[in-house]
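Results of the structural survey
Here is what each chain is made of, one letter per residue.
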Amino acid sequence: MTLLREAARKANLIASGENLNASQEQESLEALNTLLDGWALTIRSGFLPQNVKVLDTLYLPDGYASAIMYNLAVQICLDNALEPATELQALAVNSLSAVRRDSTSPMKTEGDVTLRRMSRHLRGRYYG
């Protein structure tokens, strides 16, 4: 609920200290799940939860919570015919870009005994 409330506050849907009403909460939750579903195509799977519920606690890698919050805030603006602030749009784009960069960078394998062992056996072999 904190993520939904914070995104709604950044979208100027609610004031600081206010809570979402039931309808706003449901719409924001649907927007969140749609957002995460769309991101699942471009961001390394396993990091993104699916079918989030209001009381769920999300554990995300660094940077993901802010990317979700800012992009959800923009979506909430659009869903409610509100003009997203230029600064909010920039934060949404920049935070999502950072997450995408992180999710496409090669995973570190140094120290992984299984991968080291496999690489020894595959040295000099080419598959094509």
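Computed from a predicted model, the values in this text were never measured in an experiment.

About the criteria used
Numbering of residues begins from 1 in every chain and follows the order in which that chain's sequence is written. This being a predicted model, a pLDDT of at least 70 is required before a residue's local features are given, and a value of 80 or more before pairs of side-chain atoms are given or counted; all residues contribute to the totals for chains, interfaces and linings. With hydrogens and water stripped out, all remaining heavy atoms of the structure feed into the side-chain values. The secondary structure listing takes helices from DSSP runs of H or I that are at least 4 residues long and strands from runs of E that are at least 2 residues long, numbered from the N terminus. Burial classes follow relative accessibility: with a 1.4 Å probe on protein chains only, a residue under 20% of its type's maximum area counts as buried, one over 50% as exposed, and anything between as partly exposed. Contacts between residues were defined by any pair of non-hydrogen atoms, one from each residue, lying within 4.5 Å. The working definition used for a salt bridge is a side-chain nitrogen of Lys or Arg within 4 Å of a carboxyl oxygen of Asp or Glu. A score from 0 to 100, pLDDT tells how confident the predictor is in each residue. Here, the term nonpolar core denotes a set of buried Ala, Val, Leu, Ile, Met, Phe, Trp, Tyr and Cys residues that are joined through side-chain atoms within 4.5 Å. To estimate how far a helix should reach, multiply one less than its number of residues by 1.5 Å. Pairs of N or O atoms are called polar contacts if they sit within 3.5 Å, as long as, within protein, a hydrogen donor faces a hydrogen acceptor (for residues adjacent in sequence, only side-chain-to-side-chain pairs).

This paragraph deals with the overall build of the protein. Each helix and strand counted, the protein has 5 helices and 0 strands in total. Mapped in sequence order, the helices and strands of the protein form the string α-α-α-α-α. A buried classification covers 29% of the 128 residues belonging to the protein. Within the protein, contacts between residues separated by at least 24 positions form 58% of all contacts whose residues are at least 6 apart in sequence.

Next up on the list: the pattern of salt bridges. Under the definition given, this model contains 2 salt bridges. In this structure, glutamate 6 engages arginine 9 in a salt bridge whose closest nitrogen and oxygen atoms are separated by 2.5 Å. Taken together, the positions of glutamate 6 and arginine 9, both in helix H1 (residues 2-10) and 3 residues apart, correspond to about one turn of that helix. Accessibility expressed as a relative area gives 25% for glutamate 6, which makes it partly exposed. Measuring nitrogen to oxygen at the nearest pair gives 3.4 Å for the salt bridge that ties glutamate 6 to lysine 10. One end of the pair is glutamate 6 and the other is lysine 10, both in helix H1 and 4 residues apart, which spans about a single turn.

Now for the confidence of the model for the protein. When pLDDT is averaged along the protein, the result is 79, and 76% of the positions lie at 70 or above. In the model of the protein, helix H5 (residues 113-122) stands out as the element of lowest mean pLDDT, 41, in contrast to helix H3 (residues 64-79), which has the highest, 94.

Counting 29 residues, the largest nonpolar core has Leu32, Trp39, Ile43 and Leu72 as its most contacted members. Mapped by element, the contributors of at least two residues to this core are H1, helix H2 (22-39), H3 and helix H4 (86-104).

For H2, which comprises 18 residues, the first-to-last C-alpha distance of 26 Å matches the rise-based estimate of 26 Å (1.5 Å per residue) to within 8%. Of the residues making up H2, those classed as buried are Gln24, Glu25, Ser28, Leu29, Ala31, Leu32, Asn33, Leu35, Leu36 and Trp39. Sitting at the head of H2, asparagine 21 places a side-chain oxygen 3.0 Å from the backbone nitrogen of serine 23.

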